[in-house]
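Next come the chains, spelled out residue by residue.
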Amino acid sequence: MTRPSLIDRLAQAQAERAQAGLLRRLRTVTAAQGPQVTVGGARLLSFASNDYLGLASDPRIATALRAASEIWGVGAGAAHLLGGRRGPHQALEEELADWLGYPRALLFSTGMMANIGVLSAVLGRGDVCVQDRLNHASLIDGARLSGAELLRYPHADAAAAARQLAARPDAGAVLATDGVFSMDGDIAPLSELAALCTREHATLMVDDAHGLGVVGGHGRGAVDHAGLGVAEVPLLVVTLGKAIGCFGAAVLGSVDAIEALLQFARSYIYTTAMPPALASAALAAVRIARSEDQHRQRLAAHIEHFRRGAAERGLPLLPSSTPIQPLLVGDTARAASLAQSLEAQGFHVPAIRPPTVAAGSARLRITLSAAHAEADIDALLDALASASALHPAAAGVISAGVV
Ligand SMILES: *Cc1c(COP(=O)(O)O)cnc(C)c1O
């Protein structure tokens, strides 16, 4: 028999990844107070979180969680359609729909599940799914699971997307894009993509995991930022684990679209509903996120301060106006040694390496939060400058696209 051992094959792939210096490492934070975290006994100031508004440690949300758990206990006990849906789930869906100006919302347990559920429900064999090359893995996996043909266009290149759609004029088509790109921090060209989808009769789907709460009027996200709504973006995915500071996700759309997803999105149907107390906490967080612009103003001031300080120190940032501020390094080993050197100075800044980003584009992914103090940002800038001086770039390593 020549059947291969799958466990051995996995171990081989693992060994190859280790050889290339690309092994991912799981570390445990043993204590956290906002951006101050303890890892392996060391106290670090974190620039790694997606808690952009500082809501994950807002005491009002923790209080809402405790109060709701007094009423609802912990687990929902069943899938949404089999009795797991409770009052807080419905209230949260209604609040999200009202905030974002969409007719209806449907909660999913995570953004990963929302994207997989939506794309596999909407698309089928013979259809086409056109996606930005830098889209989140969950959009890629959703398209693959659907059986549709997946076509990926160069980052933010609406003309290339147009050519891909035009080449398949008879196929059902979804164009899916991140609203704010998770590893680059830039905003998708949604107006152009919306015009293209209208022209081509394609359905535009936006995953705004990193835009919600951060960009757009009152934090409504990238769709609002582009002046668009349900007419141009019939499917909008948002997540509750980033700027909202909780956990979970929702899909927004027309009443018909949401009713259909409830019937056909398997990652909605065949899973336990999120804990109702968590939905209640997320409701409190959404109300704060939409009504308290001061957190966004503080975050915007931090972003501006950081970019100005980086320019003064000659640090090569990518062109981003969002709290995701990648410092392009290029070489994988150098990115890792920069991250280590920052950690020795008391900062947690993750090095993002292939395969998460393209070969030759390793970077430090710095994320800012309203929970940071301006002094935290100054301290990081000084540490970045001294770490860069300690680990100089090899000639030609810093690639194009740098401001
Ligand atoms: C984080 C993220 C997701 C996944 O959301 P989870 O709720 O964490 O599963 C989906 N899309 C994008 C763009 C993300 O950044």
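Chains are numbered independently. Their residues run from 1 in the order of the written sequence. Reporting of local features is limited, given that this is a predicted model, to residues whose pLDDT is at least 70; pairs of side-chain atoms are given and counted only at 80 or more, and all residues count toward the totals for whole chains, interfaces and linings. Only hydrogens and water are set aside when side-chain values are computed; all heavy atoms of the structure are taken into account.

Some thoughts on the environment of Gln 164
Our working definition: Runs of H or I in DSSP of at least four residues are treated as helices and runs of E of at least two as strands, each being numbered from the N terminus. Throughout, exposure labels follow a simple rule: accessible area from a 1.4 Å probe, protein chains only, divided by the maximum for the residue type, with under 20% read as buried, over 50% as exposed, and the rest as partly exposed. Pairs of residues are marked as contacts when any of their non-hydrogen atoms sit within 4.5 Å.
Relative to the helices and strands, Gln 164 resides in helix H6 (residues 158-166). Given a relative accessible area of 17%, Gln 164 falls into the buried group. Expressed as a C-alpha distance, the spacing of Gln 164 and Val 128, which sit 36 residues apart in the sequence, is 9.3 Å. Apart from residues no more than four positions distant in its own chain, Gln 164 is found in contact with Val 130, Leu 151, Arg 152 and Tyr 153.

Considerations on the sheet that holds strand E13 (residues 351-352)
The test is simple: A pair of strands is treated as paired once DSSP finds two or more bridges between them.
The sheet built from 3 strands is open, its strands ordered E11-E14-E13 with antiparallel pairing. Each edge of the open sheet carries a strand with a single partner, namely strand E11 (324-330) and E13. Both E11 and strand E14 (residues 362-367) contribute to a ladder of 6 bridges, which runs antiparallel. If you follow Leu 328 over to E14, its bridge partner there is Arg 363.

A short note on the site of the ligand
For clarity, the threshold we go by: Note on terminology: near, applied to a residue and a molecule or strand, indicates that one of the residue's heavy atoms is within 4 Å of it. Whenever two N or O atoms come within 3.5 Å, that pair is a polar contact, provided that in protein one can donate a hydrogen and the other can accept it, and provided that, for residues adjacent in sequence, both atoms are side-chain atoms.
Inspection of the region around the ligand gives 13 residues, with Gly 111, Met 112, Asp 207, His 210 and Lys 242 positioned closest. In the model, a nitrogen atom of the ligand is placed 3.4 Å from a nitrogen or oxygen of the His 136 side chain. Here Lys 242 contributes a side-chain N or O atom positioned 2.7 Å from an oxygen atom of the ligand.

Looking at unusual backbone geometry
Put simply, Pro 354 and Pro 355 share a cis peptide bond, and its omega is 10 degrees. By the secondary structure assignment, Pro 355 is in the loop between E13 and E14. A positive phi is found at His 201, a non-glycine position, where the angle reads about 55 degrees. Locating His 201 in the fold gives a position in the loop between helix H7 (190-200) and strand E8 (203-207).

Quick look at the domain arrangement of the chain
For clarity, the threshold we go by: For each domain, the first and last residues come from an automatic or database assignment. We define buried area as the total accessible area lost by two parts upon association, computed with a 1.4 Å probe and summed across both. The salt bridge definition used is simple: a Lys or Arg side-chain nitrogen within 4 Å of an Asp or Glu carboxyl oxygen.
Taken domain by domain, the chain consists of domain 1 (59-291) and domain 2 (293-400). Summarising the inter-unit geometry, the C-alpha centres of domain 1 and domain 2 are found 28 Å apart. Contact with domain 1, which involves 19 residues of that partner, is made by 17 residues of domain 2. Surface buried jointly by domain 1 and domain 2 totals about 1,200 Å² across both partners, of which 55% is contributed by carbon and sulfur atoms. Contact with domain 2 buries surface across domain 1, with Met 183, Asp 184 and Val 214 losing the most and accounting together for 44% of the total. One can count 1 salt bridge joining domain 1 with domain 2.

Some points on the pattern of salt bridges
The final tally for this structure, using the stated rule, is 15 salt bridges. The partner of Asp 141 in a salt bridge is Arg 144, and the shortest N-O contact between them spans 3.8 Å. Placement of the pair is Asp 141 and Arg 144 together in helix H5 (residues 137-146), with a separation of 3 residues, close to one helical turn. Owing to a relative accessible area of 30%, Asp 141 belongs among the partly exposed residues under this scheme.

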